[in-house]
Amino acid sequence: MYSIVAPELLSLEDVQLLAELSGCPNATKQDTCEQSRHSRYRTISGVCNNRLNPRWGAANTALVRWLPAEYEDGEGEPKGWNPDRLHHGFQLPPPRKVSREIIRSSCKWKDDDYSQLLVDWGQYIDHDITFTPQSISKSAFWTDTDCYQTCDNVHPCFPIKTDDSLCMPFHRSTADCYVSPGSDVQHALQRQQLNAITSYIDASLVYGHTPKLESFLRDLSGLSGKLAVNDQFKDAKGRPYLPFVAKTPSACRTFQQDDGIDCFSAGDGRVNEGLPLISLHTLWLREHNRIAEALKLINDHWSPEMIYQETRQIIGALHQIITMRDYVPKIIGPESFERFVGPYTGYDPAVDPSASNVFATAAFRFGHATISPVLHRLNQSFQEHEQFPHLRLYKTFFSPWRIVKEGGIEPIIRGLIGIAAPAASANKLLVEEVTEMLAVLDTLQHMDLASLNLQRGRDHGLPGYNEWREFCGLARIDTLENLKVVLQDGRVAEKILNMYKHLDNIDVWLGGLVENYLPDARTGPLFACLIGKQMKALRDGDRFWWEADGVFKQEQKDELLKGSLSRVICDNTDIQEVPFDSFRFGKFPNEYVSCASIPSINLEAWREEKSKDYDLCGSPTRIHNGDYIFTFNAQKVTALYSCYHGFMLEGAAEITCEKNEWHPEAPKCIGKRMCAHTAPPLSTAAWVLLLSLMHACTHPTTYTSPFQNSGCRRSRLQCLLKMRRLLLCWLLCENKFNNAKRDPLFTTLLLTSIVNVSYFRKQRLKSFTVEYSSAHAGQFWVILRLHRRSQKLAFNWKCERSSKKSDFFFFKKSELSITPCSVNVA
Ligand code: HEM
């Protein structure tokens, strides 16, 4: 019935095969980018922005490392995982202790130069650039330990110890499954974290980063190229709100007060975290629909798809302009801007625009030190709103109901532009509202943002503060005196050294945060360097950067430069008096101007004369579940068709006007059958192999620290490491498909074919339970938990085992009959 092989070491080919089978094929699969298709507009996932390296900057790729990770075991165990492990002779201080004794602050000074909007734009734009997903497995894989309950470090739980010997739950970030062929073992197998969204500043937080999400967010029935809006509520003037999430009742209902208002949905799932975030998302939803409507009037021959894409391109450009022109120089200061970003010199395909791990996990979290403990809500005179007064921050988490029932977004937006930002200083970092009362969905307990940041940095194995200073060409800090100079605060410097004991142990987020600001900046030299480098990469490595050749015409660029956040506020809210630059704090009414004097973009620059072909052939045929855009090919106008998510193109994708008719016939979009692919991505054979290997690999008695052993042990460890990569690969895929439908029928089919196999009996398996199953886009997933009859381990790794031939059982795919094609889960 089955054949047995006993590969102690899986070859790279094996690893690639398993990566391929497990549906995580980045290791082996080269994406190809069709010329025409990906030339006019960005893809929604960011793939093919760079034609030679299609996955650069794309969603669900690893955060890049600017310095190698420093894991405790060299492979993937976080810093601080093993309590006995010393770093430069000392234990790392517990994050919660650092938070309480160094970071926590009960009050804040004001920053009279900038408005609260500067802070909230930081969070908003971060959600366009990075989202590091956490393991969606909320319990340890083999031991069943619940991450919400445990104080032990068991993957994926890495709890934050608190003073009262309790813990705050912490889930490790999901690992990427990329195994880079050719690189050295240590590098190839090191745990990397993911960026689940596109790193490009492309307004992915408005449009989403997957075709499925994009479809959900669009108004595909209206034929207007608009985004979908809330169909239950509008504001008092009839302006739309974001649509609710698809799955209701949602967590926002019960979170604060059940007022029957669900979570809003947007291109980024974190939209409901706070009211400023919801308000900014709402602004851009409205702005999209306003521009789409105007473009339709100007170009009535444009298809809905074309209106949508052109509008999306304009909105993306505005996000880039507001960020790069108005925001970043204020944060890193004009000198650092000049030094690290500099003037634009065109698209550079050699630049990798992926977000870096240190940017997402440390540098751009600088903004946490400027979070205000109070959300201000102002009336038309920019005074505290009589009906809807200011709120303590914790009352604003996940509360979309406050937008719907408490006056819309205007009181909040007025609070953003009309109140000065909080100032951060080394002795006043994060407010108690977020160190003691932070709310995180799915967690009842109050969380501490400072501890999360520190623990996250350790989870990702980020090198310490001094390593990063060196990376940026700054002097290492090797004495307390030097630290005092960099901080300009002797007391805090002493506290830090007392706590960390060794200057090389200082966590990079903390070190960067406490540095004294550069002139006219809101960051010190380290974060200015790291943020500056990241921004330059996001700009120069983006083929669709708004200034890049061929993206916009010169007259359109001139118009786009007139755009501003103040204008977007004027056009989409009731607010009719604003500061000229709404990131700057000005007093109302003297330092405000009427919206009439804020420049606006003239969309006439987008007027496109109908081509002769259009007159000759009329408009191309409209199709169901898909649409066309016009492209220009060898002087001819081509209608290029594509289908919406869930549909497949049948027929020619491109048609041209010849002899007064479009040729060939327009294609059709047909429903994708899930059985287009006959085999599940992870063959039964492969995952049976994986399950058994993983069990062996993760058993504590067989696992020792890697890279320092040799001979048999060393090779064994390499195998273990490879297996762990594949386990991580699973977790990645779990995350990838977490919205997929469960499919019990398929599961049953699959399991029936497996239980018959005597392998399971041989392994003393008592039973198995289905951990997870899903079917999505033609791929099927099942993760089983195997229950053994006794604790006796089937796999005991021993040095002499190379002579033993029965450690692994490998079933040939052909010997197990699985027929998932009888299942339709479309
Ligand atoms: C009320 C305001 C804010 C709250 C409640 C908040 C909360 C959070 C939370 C809970 C996380 C995840 C922490 C973890 O588990 O690792 C996070 C991540 C992050 N935050 Fe904030 N934040 C706020 C404002 C800001 C601001 C103003 C900025 C920047 C200017 C910012 C930048 C970031 C970044 C870069 C991340 C990492 C994102 C990722 O890659 O997943 N946040 N924030």
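Bear in mind the structure is a predicted one, so any value in this text is a computation, not a measurement.

**Here's the deal with the site of the ligand**
- Surrounding the ligand, one finds 20 residues, the nearest of these being Gly 122, Gln 123, Thr 130, Thr 132 and Gly 367.
- When residues of the shell around the ligand are traced back to their parent elements, those giving at least two are helix H3 (116–129) and helix H14 (449–459).
- When residues in the shell around the ligand are grouped by element, the largest group, 4 residues, is from H3.
- Residues belonging to the shell around the ligand are distributed by class as follows: 9 nonpolar, 7 polar and 4 charged.

**Examining H14**
- Here H14 lies mainly inside the structure; 11 of its 11 residues are buried.
- Those residues of H14 that fall on the buried side of the exposure criterion are Leu 449, Ala 450, Ser 451, Leu 452, Asn 453, Leu 454, Gln 455, Arg 456, Gly 457, Arg 458 and Asp 459.
- Positioned one or two residues after H14, Gly 461 has a phi angle of 65 degrees, which is positive.

**Quick notes on the nonpolar core**
- Ranked by size, the top nonpolar core spans 167 residues in total, and within it Ala 363, Leu 430 and Ile 531 carry the most contacts.
- The residues touching Ile 531, leaving out its near neighbours within four places in the chain, are Ile 331, Ile 332, Phe 359, Ala 363, Phe 364 and Thr 523.

**Quick word on the UniProt feature "binding site: heme b" (unreviewed entry) in the protein**
- The residues that UniProt annotates with the feature "binding site: heme b" (unreviewed entry) are His 368.
- Its 23 C-beta neighbours within 10 Å are what place His 368 among the buried residues.
- Those residues in contact with His 368 that lie beyond four places of it in its chain are Leu 430, Val 434, Leu 449 and Asn 453.

**Considerations on the packing of helix H8 (residues 275–298) against helix H21 (residues 565–572)**
- At a minimum axis separation of 10 Å, H8 and H21 run at an interaxial angle of 75 degrees. For the element pair H8 / H21, the angle class is roughly perpendicular. Of the residues in H21, those touching H8 at Leu 283, Arg 286, Glu 287 and Arg 290 are Val 568, Ile 569, Asp 571 and Asn 572.
- Classifying every residue of the contact of H8 with H21 by side-chain character gives 3 nonpolar, 1 polar and 4 charged.

**Here we look at the confidence of the model for the protein**
- Across the protein, the average pLDDT comes to 79, with 73% of residues at or above 70.
- In this model residues 1–30 is a low-confidence stretch, pLDDT under 50, and it forms 73 contacts with partners more than four residues away in sequence or in other chains.
- Under a pLDDT of 50 for its full length, residues 139–144 has, in the predicted model, 13 contacts with residues more than four places off or in other chains.

**Describing the environment of Phe 632**
- With respect to the helices and strands, Phe 632 occurs in strand S15 (residues 626–633).
- Judged by the 10 C-beta atoms lying within 10 Å of it, Phe 632 is exposed.
- In this structure the C-alpha to C-alpha distance between Phe 632 and Thr 656, which are 24 residues apart in sequence, comes to 9.9 Å.

**Details of unusual backbone geometry**
- In this chain, Phe 588 is followed by Pro 589 through a cis amide linkage whose omega measures 0 degrees.
- Note that Pro 589 resides in the loop between strand S13 (577–578) and strand S14 (593–594).
- Even without glycine at this site, Leu 223 takes up a positive phi of about 55 degrees.
- Tracing the backbone through its elements, the reader meets Leu 223 in the loop between helix H6 (211–217) and helix H7 (251–255).
- The partly exposed category is assigned to Leu 223, around which 14 C-beta atoms lie within 10 Å.
- Within the chain, Asn 660 stands out as a residue other than glycine whose phi angle is a positive 65 degrees.
- Assignment of secondary structure puts Asn 660 in the loop between strand S18 (654–658) and strand S19 (661–663).

The rules behind these values
Residues numbered from 1 in each chain as written. Predicted model: local features only at pLDDT ≥ 70, side-chain atom pairs only at ≥ 80, totals over all residues. Near = placed C-beta within 6 Å. Helix = DSSP H or I, 4+ residues; strand = E, 2+ residues; numbered from the N terminus. Nonpolar A, V, L, I, M, F, W, Y, C, P; charged D, E, K, R; others polar. Buried ≥ 20, exposed ≤ 12 C-beta atoms within 10 Å, placed from the backbone. Core = buried A, V, L, I, M, F, W, Y, C linked by C-beta atoms within 7 Å. Contact = placed C-beta atoms within 7 Å. UniProt positions renumbered as here; feature names shortened; annotations may be inferred. Axes fitted to C-alpha atoms, helices over the stretch in contact; angles between N-to-C directions. Parallel < 35°, antiparallel > 145°, perpendicular 65-115°, else oblique. pLDDT = per-residue confidence, 0-100.

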